[in-house]
Amino acid sequence: MGTPSPRVVLVLAAALAGLWAPRAAYGQPNFIVILADDVGWGDLGANWAETKETPHLDALAAEGTRFVDFHSAASTCSPSRASLLTGRLGARNGVTHNFAVTSVGGLPLNETTLAEVLREAGYSTAAIGKWHLGHHGRHHPSFRGFDYYFGIPYSHDMGCTDTPGYNVPPCPPCPRPGVAARVARRDCYMEVALPLFENVTIIEQPVNLSSLAARYAEQAARFIRQASRSRRPFFLYLALAHMHVPLGGPPPPPASGRGIYGAALREMDALVGRIRRAADSHGKGRTLLWFAGDNGPWAQKCELAGRPGPFVGAWQRQRGGSSAKQTTWEGGHRVPALAYWPGRVPAQRTSHALLSTLDIFPTLVALAGAALPLNRRFDGLDVSPVLFGWSDVGHKVLLHPNSGAAGKDGEIETLRLAQYKAFYTTGGAMACDGSVGPAEHHQPPLIFNLDGDTQEQEPLAVASREYQAVLPAIRRAYAQALEDIATDNVSVADYSKDPAATPCCDARRMACRCPAP
């Protein structure tokens, strides 16, 4: 290959300089990370033609880059969120399963959050929405790098409300003095109402679910406006209640197609559209908006669960249970994702790079011109080259931790190597019909070639040439990953419980209700 001419080198250098302009010439960019709860890969119309309820998200995908091989770092709430905010898997950061209403601990205090790094770099920071990384003491988001917090401390089905919304099975409203209590199922939280925090203060308990989405949008727009006026860059972490049940809002019209779920999806989409407009109105091209899901759909909620698209985990379905949320099948962790940054992130582009929510931390830190915390290793990558369209190469190896369906929580027994996916343990979460797939251990591992089998229907035959060719590389990658974690600075989360840690506005009142304003 010949040496390029000086003119070619100059043109290439100028092009690269222009792509790096977001920080060098325009100052530090703003960041908005929107995390949807329990949303399916097929719930994005740009991914799945049958979905018609996401025009604003589809517009963002058309005007930005859509990632079709993007994965949550875990298949359940707390571990997924902890990994996004630390760039580290639960096997490193200590968060391996969900925290409870009575949890004393949370994300270990020696773990550094993305908000802490960005605030140190000069950013205004806000968290709006669901936290679920510890609410007691210094685990509260106000002590984890966020200048402002407005939201609920955990999932919105982890406390009763007066507007309980749609659920499967339905839960009754909060008890009231002098009103006969309705019989509630064992999995309905009835003793303590769901609180709404502003910073460290409970401002409403129980929260009104029917207006929560609008209030999130209002507070997010206010933060964007105030941060823009301050001329400081900002980081907004918006963790939505959608699409986790219960789903609120009025009943959909009879001809609406997907019924209650579709109406809620449409509401979420409108909220995202409002945030996009707020960001654009304060300087279009200054803000990177990154949308993703925290894990796949919650299949046991039947018609109130999302669509996994083609990622149905057919091998597991044949053996019982769900292959979505809480599992390491594609439907559990492959999520919709897109990036929008006018003039910086290429429009009308589809990326097939293997990416993860783990990558958000190191990528935003790099774009802000900050440095990663020392004395620890990260599972995420700086994927700026993929964002800017220079490359379509992400992870070569991606680890999928156990998330509740099978195996010990947080342990790594599934991994991806290029197009191959290897399972050392399989299992199904609870399905709509109540079935649960039994845990099965595989030695040698089950291996699927996702290039030709997105449904994960037929594992490679152990005796086949393809299986024998890829098995040594998988074993090496797996051993190296486990060794890397074992020799890292690993944290341990406190999962102890104490009723005194329960968020309570007024313990003298039934369900901890706040006094009427």
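In every chain, residue numbers begin from 1 and rise along the written sequence. Local features in this predicted model are restricted to residues of pLDDT 70 or higher, and side-chain atom pairs are both shown and tallied only at a pLDDT of 80 or more, whereas totals for entire chains, interfaces and linings draw on every residue. Calculation of side-chain values draws on the structure's entire complement of heavy atoms; hydrogens and water are dropped beforehand.

Caption draft 1: Structural view of the pairing of strand S8 (residues 234–239). For every residue, the accessible area obtained with a 1.4 Å probe (protein chains only) is divided by the maximum for its type, and the residue is called buried under 20%, exposed over 50%, and partly exposed between those limits. Runs of E in the DSSP output that reach at least two residues are strands. Runs of H or I that reach at least four are helices, and both are numbered from the N terminus. When you tally the buried positions in S8, you get six out of six residues, the bulk of the element. Alternating positions in S8 separate into two faces, Phe234, Leu236 and Leu238 on one and Phe235, Tyr237 and Ala239 on the other, with burial throughout. Here five bridges tie strand S1 (residues 30–36) to S8, and the two strands are oriented parallel to one another. The partner of Ile32 across the bridge, within S8, is Leu236. Pairing of strand S4 (residues 124–129) with S8 involves six bridges; the strand directions are parallel. Residue pairing across strands places Gly129 opposite Ala239, the latter belonging to S8. If DSSP finds at least two bridges between two strands, the strands pair.

Caption draft 2: The arrangement of the packing of helix H3 (residues 55–63) against helix H8 (residues 259–281) in detail. Closest axis-to-axis distance for the H3/H8 pair is 7 Å, and the angle between their directions is 50°. With respect to H8, the element H3 is oriented oblique. Two secondary-structure elements touch here, H3 through Pro55, His56, Leu57, Ala59, Leu60 and Glu63 and H8 through Met268, Asp269, Ala270, Val272, Gly273, Arg276 and Arg277. As a working rule, the residues Ala, Val, Leu, Ile, Met, Phe, Trp, Tyr, Cys and Pro are called nonpolar, Asp, Glu, Lys and Arg charged, and the rest polar, with Gly in that last group. By residue class, the composition of the contact of H3 with H8 is seven nonpolar, two polar and four charged. The axes used here are C-alpha line fits, helices contributing only the stretch in contact, and every angle between their N-to-C directions lies in the interval 0 to 180 degrees. Note on terminology: angles under 35 degrees are roughly parallel, angles over 145 are roughly antiparallel, angles of 65 to 115 are roughly perpendicular, and the others are oblique. In what follows, a contact means two residues having at least one pair of non-hydrogen atoms within 4.5 Å.

Caption draft 3: Up close: the environment of Asn295. The residue Asn295 is located in the loop between strand S9 (287–293) and helix H9 (314–317) in this model. Residues Asn295 and Arg81, spaced 214 residues apart in sequence, show a C-alpha to C-alpha distance of 9.8 Å. Contacts of Asn295, omitting those with residues within four sequence positions, involve Asp38, Val39, Ser72, Ala74, Ser75, Thr76, Cys77, Lys325, Gly332 and Val335. In protein, a polar contact means a hydrogen-donor-capable atom and an acceptor-capable atom, both N or O and within 3.5 Å, with residues adjacent in sequence counting only if both atoms are side-chain atoms; elsewhere, any N or O pair within 3.5 Å suffices. Of note is the side chain of Asn295, whose polar atom sits 2.8 Å from the side chain of Asp38.

Caption draft 4: Just the packing of aromatic side chains, in detail. Each aromatic pair joins two rings of Phe, Tyr and Trp (for Trp, the six-membered one) with centres within 6.5 Å, and gets the label stacked for planes under 30 degrees apart, edge-to-face for over 60, and tilted for any other angle. Using the criterion set out here, one finds 19 aromatic pairs in the structure. Considering the side-chain rings of Phe223 and Phe234, the 5.8 Å spacing of their centres and the 80° angle between planes classify their relative orientation as edge-to-face. Highlighted residues: Phe223 in helix H7 (residues 212–230) and Phe234 in strand S8, separated in sequence by eleven residues. Per residue, the accessibility class of Phe223 equals that of Phe234, and both read buried. In this structure an aromatic cluster arises from ring pairing among Trp131, Phe146, Phe235 and Tyr237. Stacked on the ring of Tyr148, the Lys or Arg Arg222 has its end atom at 5.2 Å from the ring centre. Over a ring means this: the NZ of a Lys or the CZ of an Arg is within 6 Å of the ring centre and within 35 degrees of the ring normal. In this arrangement the basic side chain of Lys301 is found over the ring face of Trp298, its NZ or CZ atom lying 4.7 Å from the centre.

Caption draft 5: Here's a closer look at the environment of Ala82. Note that Ala82 resides in helix H4 (residues 77–86). Residue class for Ala82 comes out buried when judged on its relative accessible area of 0%. Sequence separation of Ala82 and Gly94 is twelve residues, and the distance between their C-alpha atoms is 8.9 Å. Ala82 has contacts with Asn93, Val95, Leu107 and Leu133, leaving out every residue within four places of it along the chain.

Caption draft 6: The arrangement of the sheet that holds strand S13 (residues 397–401) in detail. As summarised here, the arrangement of the four strands in space is S13-S14-S15-S16, forming an open sheet in which the pairing is antiparallel. Because the sheet does not close on itself, it has two edges, and the strands there are S13 and strand S16 (440–449). For this sheet, the mean angle separating the axes of adjacent strands, direction not counted, is 20°. Taken together, the six bridges between strand S15 (residues 420–426) and S16 define a ladder with antiparallel strand orientation. Bridge pairing in S16 places Ala422 opposite Ile447.

Caption draft 7: The arrangement of the side chain of Thr287 in detail. Relative to the helices and strands, Thr287 resides in strand S9. Judged by its relative accessible area of 7%, Thr287 falls in the buried class. There is a polar contact of 3.2 Å between the side chain of Thr287 and the side chain of Asn30. In contact with Thr287, other than residues within four places in its own chain, are Asn30, Phe31, Ile32, Phe234, Ala279, Tyr340, Trp341 and Pro342.

Caption draft 8: Quick peek at the side chain of His395. You can see His395 is positioned in the loop between helix H12 (384–387) and S13. Among the residues examined, His395 registers a relative accessible area of 9% and is labelled buried. A distance of 2.7 Å separates a polar atom in the side chain of His395 from a polar atom in the side chain of Asp359.

Caption draft 9: Expanded view of the pairing of S15. Burial analysis of S15 places seven of its seven residues in the buried class, which makes it a mostly covered element. With four bridges connecting them, strand S14 (residues 412–417) and S15 associate as antiparallel partners. The residue of S15 that forms the bridge with Leu415 is Ala422. Between the antiparallel neighbours S14 and S15 lie two residues, among them Ala418 with a positive phi of about 55°.

Caption draft 10: The sheet that holds S4, seen in detail. One open sheet accounts for ten strands, arranged S7-S6-S5-S4-S8-S1-S9-S10-S2-S11; its pairing is mixed. The sheet is open, and its two edges are formed by strand S7 (201–204) and strand S11 (349–351), each paired on a single side. For this sheet the average axis-to-axis angle between neighbouring strands, irrespective of direction, equals 20°. As defined by bridge partners, strand S6 (residues 196–198) adjoins S7 across three bridges and the pair is classed as antiparallel. By the bridge assignment, Leu196 is partnered in S7 with Glu204. On the sheet, H3 packs against strand S2 (65–67), S9 and strand S10 (337–340) and is oriented at approximately 65° with respect to S10. Each of S1, S4, strand S5 (148–151), S6, S7 and S8 touches H7; the most contacted strand, S8, lies at about 175° to it.

Caption draft 11: Summary view of the pattern of salt bridges. By definition, a salt bridge exists where a carboxyl oxygen of Asp or Glu is found within 4 Å of a side-chain nitrogen of Lys or Arg. A complete count under the given rule lists 26 salt bridges for this structure. The partner of Arg513 in a salt bridge is Asp162, and the shortest N-O contact between them spans 2.7 Å. In this pair, Arg513 is assigned in the segment after helix H13 (465–486) and Asp162 in the loop between S5 and S6, connecting sequence segments 351 residues apart. Arg513 gets classed as buried once you look at its relative accessible area, which sits at 12%. Its salt-bridge partner being Asp506, residue Arg508 comes within 3.0 Å of it at the nearest N-O pair. A residue is classified by how much of its surface remains accessible, and Arg508, at 77% relative accessible area, is exposed. Overlapping salt bridges, with partners in common, bring together Arg88, Arg92, Glu111, Arg377, Asp379, Asp484 and Asp488 in one network.

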